[in-house]
Amino acid sequence: MKKRQFIKDVLLTTLAAPIGLTGLAQTFKENAYLPAKELAKVEDFWLSIRNQYLLKPDYINLENGYYNFLPQPILEKYIEHIRQVNYQGSYYMRTVQWDNKDKVAARLAKLGGCSAEEMIITRNTTESIDLVVSGFDWQKGDEAVMAIQDYGSMLDMFEQVKNRYGIVNVKVSIPNHPANDEEIVAIYENAITSKTKLMMVCHMINITGQILPIKKICAMAHAKGVQVLVDGAHAFAHFQYSIDDLGCDYYAASLHKWLSSPLGAGILYINKNRIKNLWPLLADGEKQLDKIKRLNHIGTHPVATDLAINDSIDYYEMIGAERKEARMYFLQNYWTSKVRNLPRVIINTPAESSRSCGIANIGIEGITPGDLANRLMKEHKVFTVAIDGAEVFGCRICPNVYTTIEELDTFVLAIKKLSNNV
Ligand SMILES: Cc1ncc(COP(=O)(O)O)c(C=O)c1O
């Protein structure tokens, strides 16, 4: 088989028959005229998406943030890819695996809003961020800025780099309810000194769902000569933005979160001017310093995952980025607006649509986060995760596009009962 033909067969089958669309065609046609914000409320439309998920009946899953498991059409495609790679064996690995990976990376670049020469596929946000943090050209005494609300293992990596190279880590704290963007920008700005080289900023803080004003933070940091590494683990394919527009130096995300790719898929964007200065995590044969592939060596890995990313993009584009964002915000706002002002209830997430989307965090006075999560599960069959630290005390609530209003009503009633508001 000719190389080109093989690539087409293995990789692009889904483009000929867009994934999952057969069963959904009529529903999409009937609702095509509706603006995204209106469609977000049309339960029948979202039920047609829900039907594509195999859901455990034991509980209501409001913890989709860790792993946004696959709807059945993507799962089937993934299994097909595993079979196909297993069938082709070394032939696949020696002929087209890299061409296929490049094509998927180029699609991810387009989706993220950057050039293909600046985007690589990694295994997750951890690999992407650790590559930048460990590969940065640190000198003793250099300073890095981050927040206590950042993800733990990223902070661990900065700690390791501190011990290894003698850098200084400066940690800020982000308020759960900032007055405006300028307050956040000022918090980061005040942490910068003449020795600051790199700043890590979450696009969406994972424990609260708060979205930070990345573009403004980047503009401020660059004016002071500081590079910005954005942790977009929870932002990619959740709400809309363009990496080029944000103006950051590095952008990392996991695709097994909101893109619903199989476990072990992530991205790393590196601005073309920054590529040459990074050390790779694992050394590669590419010696040209400004080639991003030099930083992408991981050895033999599960290539079927790379192929399934392509199907996840098809699925995401079938729903539509604007529609997904509108649905996610609608779901969050639906339940938070019903409990936000109740006595004893504390919502740790801003209400504005510019500062939040699908994720929010709720605490109840007098109940520890751990007890709240346990009681939600035991007494109400609602699965969440407890957050108890970094000035955030409550449960993180992550619905997904398939979550129903009925499920959120059950959750709201549970909160009212647990906070003695019924
Ligand atoms: C903000 C943030 N960064 C990084 C990560 C790590 O993601 P992964 O385990 O996919 O590398 C997570 C995981 O939840 C996260 O929420």
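It should be emphasised that the depicted structure is a prediction, and the values quoted were computed from it without experimental measurement.

Got a minute to help me understand the overall build of the protein in this structure?
The secondary structure content of the protein amounts to 17 helices and 13 strands. Over its C-alpha trace the protein gives a radius of gyration of 22 Å, about what one expects of a compact globule, namely 22 Å for 422 residues. For the C-alpha atoms alone, the extent of the protein along its principal axes is close to 65 × 55 × 40 Å. For the protein, with 422 residues in total, the buried portion stands at 56%. Look at the contacts in the protein between residues 6 or more apart in sequence, and 72% of them connect residues 24 or more apart. Accessible surface, the protein: about 18,300 Å² in total, of which carbon and sulfur atoms supply 52%. Within the protein, one finds 47 positive and 47 negative side-chain charges whose respective centroids are separated by 3 Å.

Would you mind showing me how to read the side chain of D314 here?
By the secondary structure assignment, D314 is in helix 14 (residues 303-319). Given the relative accessible area of 8%, D314 is considered buried. Within polar-contact distance, the side chain of D314 engages the side chain of R107 at 2.9 Å.

Please explain the site of the ligand as it appears in this structure.
As a matter of local geometry, the ligand sits amid 13 residues, with T126, D231, S254, H256 and K257 nearest to it. One nitrogen or oxygen atom from the side chain of T126 is found 2.5 Å from an oxygen atom belonging to the ligand. S254 places a side-chain nitrogen or oxygen 2.7 Å from an oxygen atom of the ligand. About the coverage of the ligand: the protein hides 90% of its 390 Å² of free accessible area. Of the residues assigned to the shell around the ligand, the class counts are four nonpolar, seven polar and two charged.

Any chance you could explain the packing of aromatic side chains here in plain terms?
The geometry of an aromatic ring pair is captured by the separation of the ring centres together with the interplanar angle, meaning the angle of the planes. Following the criterion strictly, the structure yields 10 aromatic pairs and no others. For the pair F330 and Y334, a centre-to-centre distance of 6.0 Å together with 50° between the ring planes defines the contact as tilted. Remark: Y334 and F330 occur in helix 15 (residues 321-339); sequence separation between them is four residues, near one turn of the helix. Of the two residues examined, F330 and Y334, each falls in the buried class. Among the aromatic residues, those joined into a cluster by ring pairs are Y53, F69 and Y402. Positioned above the aromatic ring of Y334, the side-chain terminus of K338 is 3.9 Å from the ring centre.

Would you take a moment to explain the pattern of salt bridges for this structure?
When charged atoms on two side chains of opposite charge get close, those side chains can pair. Evaluated as defined, the whole model comprises 19 salt bridges. A salt bridge links E317 to R107; the nearest nitrogen and oxygen atoms lie 3.1 Å apart. Of this pair, E317 sits in helix 14 while R107 is found in helix 8 (residues 97-112), placing the two residues 210 residues apart along the sequence. The shortest N-O distance in the salt bridge between D249 and R274 comes to 2.8 Å. Taken together, the positions of D249 in the loop between helix 13 (243-246) and strand 7 (250-254) and R274 in the loop between strand 8 (266-270) and helix 14 put the pair 25 residues apart, joining distant regions of the chain. What makes D249 buried here is its relative accessible area of 3%. Judged by relative accessible area, which is 24%, R274 ranks as partly exposed. Within this structure, D181, E182, K216, E352 and R355 form a network of salt bridges that share partners.

Looking at this structure, I do not really get the packing of helix 14 against helix 15. What am I missing?
A packed helix pair is summarised by two numbers, namely the angle formed by the two axes and the spacing between the axes. For the pair helix 14 and helix 15, the least separation of the axes is 5 Å and the interaxial angle reads 75°. When the interaxial angle is binned, helix 14 and helix 15 end up roughly perpendicular. Contacts between helix 14 and helix 15 involve Y316, M318 and I319 from the former and A321, R323 and K324 from the latter. Across the contact of helix 14 with helix 15, the residue classes break down as four nonpolar, no polar and two charged.

How do you make sense of the pairing of strand 7 when you look at a structure like this?
In the case of a regular strand, side chains alternate between the two sheet surfaces. Of all the five residues making up strand 7, five are buried; the element is thus mostly covered by neighbouring parts of the structure. Here strand 7 shows a buried face lined by Y250, A252 and S254 and a second buried face lined by Y251 and A253. Direction of pairing for strand 6 (residues 227-231) relative to strand 7: parallel, over a ladder of three bridges. What sits directly across from L229, in strand 7, is Y250. As defined by bridge partners, strand 7 adjoins strand 8 across five bridges and the pair is classed as antiparallel. Following the sheet pairing, Y250 is matched in strand 8 by I270.

Sorry, what's going on with unusual backbone geometry here?
Most of the time, phi is negative for any residue but glycine, and the peptide bond is trans. A positive phi angle, close to 55°, is found at S260, a residue other than glycine. Among the secondary structure elements, S260 is positioned in the loop between strand 7 and strand 8.

Rules and cut-offs
- Residues numbered from 1 in each chain as written.
- Predicted model: local features only at pLDDT ≥ 70, side-chain atom pairs only at ≥ 80, totals over all residues.
- Heavy atoms only, no water.
- Helix = DSSP H or I, 4+ residues; strand = E, 2+ residues; numbered from the N terminus.
- Rg over C-alpha atoms; globule rule 2.2 N^0.38 Å.
- Buried < 20%, exposed > 50% of the residue type's maximum accessible area, 1.4 Å probe, protein only.
- Contact = heavy atoms within 4.5 Å.
- Areas by Shrake-Rupley, 256 points an atom, 1.4 Å probe, with all protein chains shown as cover.
- Lys, Arg positive; Asp, Glu negative; His and termini not counted.
- Charge placed at Lys NZ, Arg CZ, Asp CG, Glu CD.
- Polar contact = N/O pair within 3.5 Å; in protein donor to acceptor, adjacent residues only side chain to side chain.
- Near = heavy atom within 4 Å.
- Nonpolar A, V, L, I, M, F, W, Y, C, P; charged D, E, K, R; others polar.
- Phe/Tyr/Trp six-rings, centres within 6.5 Å; stacked < 30°, edge-to-face > 60°.
- Lys NZ or Arg CZ within 6 Å of the ring centre and 35° of its normal.
- Salt bridge = Lys/Arg side-chain N within 4 Å of Asp/Glu carboxyl O.
- Axes fitted to C-alpha atoms, helices over the stretch in contact; angles between N-to-C directions.
- Parallel < 35°, antiparallel > 145°, perpendicular 65-115°, else oblique.
- Pairing = 2+ DSSP bridges.

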